[in-house]
Amino acid sequence: MHSRRKFIKQSGLGLGFMALPSPFQLFAANEFISRRPDVSKRNFVSVAVENKIRRVKQSIGDQELAWMFENCFPNTLDTTVHYYHKGDKPYTYVITGDIDAMWLRDSAAQVFPYLALANEDDKLKNLLKGVINKQVEFVLLDPYANAFYDDPTKTSEWKDDATLMKPGVHERKWEVDSLCYVARLSYHYWKATGDASVFDTDWKSAMQLIVQTFKEQQRKVDKGPYRFQRGNGNPLDTQFGGGYGNPTHKNGLIHSMFRPSDDATFYPYLISSNMFAVVSLRQMAEISAAVHHDPDFENQCKTLADEVDTAIEAHAVFTREGYGKIYALEIDGFGNALFMDDANVPNLLSIPYLGYRTREDGIYKNTRRFSLGHDNPWFNEGRYAKGMGGPHVGENKIWPLGLIMQALTTDDEAEIVYCLKTLKSTHAGTGFIHESFDVNNPKDFSRSWFAWANTLFGELIVHLYDTKPDILKRFS
């Protein structure tokens, strides 16, 4: 284990970062009673997941952290999934929690930690196949939409957006990462289970549509078919330039009109999402070669991935005083760049988590120091915590997603413990992870039912159980 002094020196985060959060205890230890629904009221029960919960809980030395894990890890299955069949194919509709709609991004991230257990539980395996099938169905409906309804007759509150709203679409914000998450879930399901049955003709058509959409949004010929504006007065909810975004110099990167926070991009080349696209295209190429034996599509994916990767390294790397070379979050190709990081994933912090570069990559290490310091305008500090937030909820707010990702992208035990202690001290007595909380008052939080954050917290605990179990045993 690194010494505390060595961690501070290497990270450049300083003594203040390592100061433990102020205590925010709201109840006695004997009040850690499960906050899960009764078994009869759970949407889905997996024997493999229940067994994993028991094993991991027993390995956690801190009762409150164990209680939080028990509440959070199964939250997606307990409360957000609707599993059914159409013909001989399973389908799984996954809401985000307090919003009755299925985001491609959120749904993929919500079930991702269960992939490792799929071969232990056929019911769970079929549920995961159902998520992939449902995502494919939605991509084929509209590759530019980010969120959908299972009921196509349901009317969206965003029905008057200036874009092509189709029945079944909840929101049509074009986010590169939405399509990447579909590819990621499919690829890792295959790797975890060895089951290639999900890669049917519908799946292949959806992947071809994803590649077509990425190419359209390189905008080499014209602006493409997508535009978006919203008239609710929130500048983060709409786009410049008649809905096409700010001007860009075309360089091979893919335009993304929105970030994974669902906030509008300022410069349309969102670098973290382009990095994710590189990874996803290479995953699609691997599947095409191994399963479909389609060299033409394999080559399309590889060629596009290489083009985007080359453009990132050529145009998105800048020298920043005090850091050296770092990645910008957004650029326009004219030399303008936005230097910040946002807690939603993909972000710059998550580069190794998503597989674009390793933790030891020099530019990533420099970028990580920037993301987790006060030169990042959305790194917030207060009485109870320091961490990354984002414009979606404004200043003085931290997203637990950022703290979780911080812990998932380091091997330094002191930093991991800091993140765990902060998460433990800021759940405001609920036992769940929220979208955001105020750095000076964790009782002031947004979204009490946010399954992505809950499940990602569970993923972190399982990751530590598998890789650094002593941290959980000693934690208090």
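Below: a short report on this structure.

Analysis parameters
- Residues numbered from 1 in each chain as written.
- Predicted model: local features only at pLDDT ≥ 70, side-chain atom pairs only at ≥ 80, totals over all residues.
- Heavy atoms only, no water.
- Axes fitted to C-alpha atoms, helices over the stretch in contact; angles between N-to-C directions.
- Helix = DSSP H or I, 4+ residues; strand = E, 2+ residues; numbered from the N terminus.
- Left-handed = near helix turned anticlockwise from the far one by under 90°.
- Contact = heavy atoms within 4.5 Å.
- Nonpolar A, V, L, I, M, F, W, Y, C, P; charged D, E, K, R; others polar.
- Buried < 20%, exposed > 50% of the residue type's maximum accessible area, 1.4 Å probe, protein only.
- Pairing = 2+ DSSP bridges.
- Core = buried A, V, L, I, M, F, W, Y, C linked by side-chain atoms within 4.5 Å.
- Expected span 1.5 Å × (residues − 1).
- Phe/Tyr/Trp six-rings, centres within 6.5 Å; stacked < 30°, edge-to-face > 60°.

Take the packing of helix 9 (residues 201-216) against helix 11 (residues 295-315) next. To describe two helices that pack against each other, one gives the angle between their axes and the distance between the axes. The interhelical angle for the contact between helix 9 and helix 11, taken along N-to-C directions, is 35°, at an axis separation of 11 Å. The two elements helix 9 and helix 11 cross, and the hand of that crossing is left-handed. Across from Met 207, Gln 208, Val 211, Phe 214 and Lys 215 in helix 9, the residues of helix 11 making contact are Phe 297, Gln 300, Cys 301 and Leu 304. Across the contact of helix 9 with helix 11, the residue classes break down as six nonpolar, two polar and one charged.

Let's shift gears to the environment of Ser 448. One can find Ser 448 in the loop between strand 15 (441-446) and helix 16 (451-467). Sequence-wise, Ser 448 and Tyr 323 are 125 residues apart; in three dimensions their C-alpha atoms are separated by 37 Å.

Once that is clear, we can look at the pairing of strand 2 (residues 89-94). With respect to burial, strand 2 is a largely interior element, six of its six residues being buried. Burial along strand 2 is two-sided: Lys 89, Tyr 91 and Tyr 93 facing one way and Pro 90, Thr 92 and Val 94 facing the other are all buried. In the sheet, strand 1 (residues 81-86) pairs with strand 2 via six bridges, with the strands oriented antiparallel. Of the residues in strand 2, the one forming a bridge with Lys 86 is Lys 89. Here strand 1 hands over to strand 2 after two residues, with Gly 87 in that stretch at a positive phi of 65°.

Another aspect to go through is the nonpolar core. One finds Leu 124, Trp 174, Phe 214, Ile 312, Phe 457 and Ile 461 to be the most contacted residues of the largest nonpolar core, which totals 141 residues. For Ile 461, the contacting residues outside a window of four places in its chain are Val 56, Ile 60, Leu 65, Phe 69, Leu 420 and Leu 472.

In this section: the sheet that holds strand 14 (residues 436-438). In spatial order, the strands read 13-14-15; together these three strands make up an open sheet with antiparallel pairing. On the outer flanks of this sheet lie strand 13 (397-398) and strand 15, each paired with one strand and no other. Sheet analysis places strand 14 next to strand 15, joined by three bridges and oriented antiparallel. The residue bridging Phe 437 from the neighbouring strand is Phe 445, located in strand 15.

Moving on, we come to unusual backbone geometry. Most peptide bonds adopt trans geometry, and most residues besides glycine take a negative phi value. Residue Pro 346 is bonded to the preceding Val 345 through a cis peptide linkage, with omega at 15°. Examined against the element boundaries, Pro 346 turns out to sit in the loop between strand 10 (337-338) and helix 12 (351-354). Here the phi dihedral of Arg 219 falls at roughly 55°; this positive angle occurs in a residue that is not glycine. On the secondary structure map, Arg 219 appears in the loop between helix 9 and strand 6 (269-270). Under the relative-accessibility criterion, Arg 219 is labelled buried at 6%. A positive phi angle, close to 65°, is found at Asn 396, a residue other than glycine. Within the secondary structure layout, Asn 396 lies in the loop between strand 12 (386-388) and strand 13. Classification of Asn 396 as partly exposed rests on a relative accessible area of 39%.

All right, on to the sheet that holds strand 4 (residues 147-148) then. The strand order 3-4-5 describes an open sheet built from three strands, whose pairing is antiparallel. Two strands lie at the open edges of the sheet, namely strand 3 (102-103) and strand 5 (169-171), each paired on one side alone. Examined bridge by bridge, strand 4 and strand 5 share two bridges and lie antiparallel to one another. Counterpart to Phe 148 in the pairing with strand 5 is Val 169.

Looking now at helix 10 (residues 271-292). Helical geometry: 3.6 residues make up each α-helical turn, so side chains three or four residues apart lie on a common side. Taking 1.5 Å of rise per residue, the 22 residues of helix 10 would be expected to cover 32 Å, and the 30 Å separating its terminal C-alpha atoms lies within 8% of that figure. Within helix 10, 16 of the 22 residues are buried, which leaves it mostly tucked inside the rest of the structure. Following helix 10 by one or two positions, His 293 adopts a phi angle in the positive range, close to 50°.

So, on to the packing of aromatic side chains. Here a ring pair, both rings aromatic, is described through the centre-centre distance and the interplanar angle of the planes. Considering all chains together, one arrives at 18 aromatic pairs under this definition. Ring centres of Phe 69 and Phe 73 lie 5.2 Å apart, and the angle between their planes is 20°; this geometry places the pair in the stacked category. Look at Phe 69 and you get buried, because its relative accessible area is 0%. Aromatic pair Phe 138 and Phe 148: ring centres 4.4 Å apart, planes at 5°, arrangement stacked. Here Phe 138, found in helix 7 (residues 122-141), pairs with Phe 148, found in strand 4; they are ten residues apart in sequence, far enough to count as distant. Since its relative accessible area comes to 0%, Phe 148 is described here as buried. Members of the aromatic cluster, each reached through a chain of ring pairs, are Tyr 187, Trp 190, Phe 199 and Trp 203.

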